[in-house]
Amino acid sequence: QVGEAGADYFLSRGYSAFAYVNEFLNRNWSLRRGEAFRKRIREAGFPCSLYTRPDTLPDAAGDARALAAWLRDLPKPAALLAAMDTRAYQVIELCSQLGIAVPRDVAILGIDDDELLCNGSIPTLSSIRRDTETCGFMAARMLDRLMRRELRKREVFLYGVREIVTRDSTR
C-alpha cells in the first residue's frame, strides 16, 4: 500500500517521469515497495526508473557514486519515491552536490515520516506516514494468541498508510 500511495500522490500532481530508489541492502520489503510503486505507474501508462545497488558495489561510497550517476541521468522533472526517509535524505544530499534542484528537477518523497530527518533536511522532506498504530494493535493481538497457545504459525503483518505529509521536497 505504501508504494501505491506514493505513486498515486505523484500521479495526482501531473508528473510523467518517475523513479524509485531501493534501500542500500535491497531487502525484500524495499523491493516489494518499489514493485508496487512501479506497477501503479506502469498501469497509468508511464515508465519508471529503478535504482538498486549493484552487487558489485558492496560499500556505501561505491553506492553513492552509482546513485549519483543514476540521478544525473534521470529525465527531468522526475518524481522519486525512496524506500525510506534515510535513503530519501541521501538522495536530497546527492542532488544538492550535483546541482539538481529539489523539487524543481526531482521531487522526492520518503517513507516513515521520521520528523528529525524530514524537518532537518534542506529542503524539508515530504514523507509517507505509515499506520504503525494499527500494526501495534495487530502485534498485541498476535502476542495474546501466542501466550494462549492459540497460534503456532508465522504471520506477516500488512498495514496501510496513515497520511502523506507534504513538505518542501514535493511542493
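All values derive from a computational prediction rather than experimental measurement.

Asks: Just to check I follow, could you spell out unusual backbone geometry for this structure?
Replies: Glycine aside, the phi torsion of most residues is negative, and most peptide linkages are trans. Put simply, Lys76 and Pro77 share a cis peptide bond, and its omega is -5°. Here Pro77 is to be found in the loop between helix H3 (60–73) and strand E3 (78–82). Following Val102, the chain continues into Pro103 via a peptide bond in cis, with omega recorded as 5°. Examined against the element boundaries, Pro103 turns out to sit in the loop between helix H4 (85–98) and strand E4 (106–111). Here the phi dihedral of Asn26 falls at roughly 55°; this positive angle occurs in a residue that is not glycine. Mapped onto the elements, Asn26 comes out in the loop between strand E1 (18–21) and helix H2 (28–43).

Asks: Looking at this structure, I do not really get the packing of H3 against H4. What am I missing?
Replies: Angle between the axes and distance between the axes: these two values describe a pair of packed helices. Contact pair H3 / H4: the axes reach a minimum separation of 10 Å and the direction vectors enclose 65°. Taken together, the axes of H3 and H4 are roughly perpendicular relative to one another. Of the two possible hands of crossing, H3 and H4 adopt the one that is right-handed. Between H3, through Asp63, Ala64, Leu67, Ala68, Leu71 and Arg72, and H4, the contact on the second element is made entirely by Arg87, Gln90, Val91, Leu94, Cys95 and Leu98. Class assignment for the residues of the contact of H3 with H4 results in 8 nonpolar, 1 polar and 3 charged.

Asks: What's the story with the sheet that holds E1 in this structure? I'm lost.
Replies: What links the strands of a sheet is backbone hydrogen bonding, and the strands pair in either a parallel or an antiparallel sense. Pairing is mixed across the open sheet formed by 6 strands, whose spatial order is E2-E1-E3-E4-E5-E6. The open sheet terminates on both sides in strands that have one partner only, identified here as strand E2 (48–51) and strand E6 (161–165). Direction aside, neighbouring strands of the sheet carry axes that sit 20° apart on average. In this structure, E4 lies alongside strand E5 (residues 126–130), joined through 3 bridges in parallel fashion. The partner of Leu109 across the bridge, within E5, is Ser126.

Asks: I keep staring at the packing of aromatic side chains and nothing clicks. Help me out?
Replies: Think of a pair of aromatic rings as described by two things: how far the centres are apart, and how the planes are tilted against each other in angle. If you walk through the whole model with that rule in mind, you get 5 aromatic pairs. Between Tyr9 and Phe10, the aromatic rings sit 5.5 Å apart at their centres with planes inclined by 65°, giving edge-to-face as the arrangement. When sorted by exposure, Tyr9 lands in the same class as Phe10, which is buried. Pairing Tyr51 with Trp70 gives two aromatic rings, centres 5.6 Å apart and planes at 55°, and the pair type is tilted. With Tyr51 in strand E2 and Trp70 in helix H3, this residue pair connects regions lying 19 residues apart in the sequence. In terms of burial, Tyr51 and Trp70 fall into one category: buried. Aromatic ring contacts, followed pair by pair, group Tyr9, Phe10 and Tyr15 into a single cluster. Here Arg13 stacks its cationic end above the ring of Tyr9, 3.6 Å away from the centre of that ring. For the cation-ring pair, Arg53 lies above Phe24, with the distance from its terminal atom to the ring centre recorded as 4.8 Å.

Analysis parameters
Per chain, residues are indexed from 1 in the order of the written sequence. Selection of residues for local features in this predicted model requires a pLDDT of at least 70, selection of side-chain atom pairs for listing and counting requires 80 or more, and totals for whole chains, interfaces and linings are taken over all residues. Hydrogen atoms and water are omitted, and side-chain values are computed over all heavy atoms in the structure. Helix and strand assignments come from DSSP, with helices taken as H or I runs of at least 4 residues and strands as E runs of at least 2, each series counted from the N terminus. Here, axes are lines fitted to C-alpha atoms. For helices the fit covers the stretch in contact, and angles between N-to-C directions go from 0 to 180 degrees. Here is the rule for angles: anything less than 35 degrees is roughly parallel, anything more than 145 is roughly antiparallel, 65 through 115 is roughly perpendicular, and the remaining ranges are oblique. Crossing chirality is assigned from the near helix's rotation relative to the far helix, an anticlockwise turn below a right angle marking it left-handed and a clockwise turn marking it right-handed. For this analysis, residues touch if any pair of their heavy atoms sits within 4.5 Å. Under this grouping Gly is polar, as are all residues other than the nonpolar Ala, Val, Leu, Ile, Met, Phe, Trp, Tyr, Cys and Pro and the charged Asp, Glu, Lys and Arg. We call two strands paired when DSSP finds no fewer than two bridges between them. Side-chain rings of Phe, Tyr and Trp (the six-membered ring for Trp) are treated as a pair once their centres are within 6.5 Å; stacked means planes under 30 degrees apart, edge-to-face means over 60, and tilted covers the remaining angles. Burial status follows relative accessibility: with a 1.4 Å probe on protein chains alone, a residue under 20% of its type maximum counts as buried, one over 50% as exposed, and anything between as partly exposed. Whether a charge lies above a ring is judged from NZ of Lys or CZ of Arg, which has to be within 6 Å of the ring centre and within 35 degrees of the ring normal.

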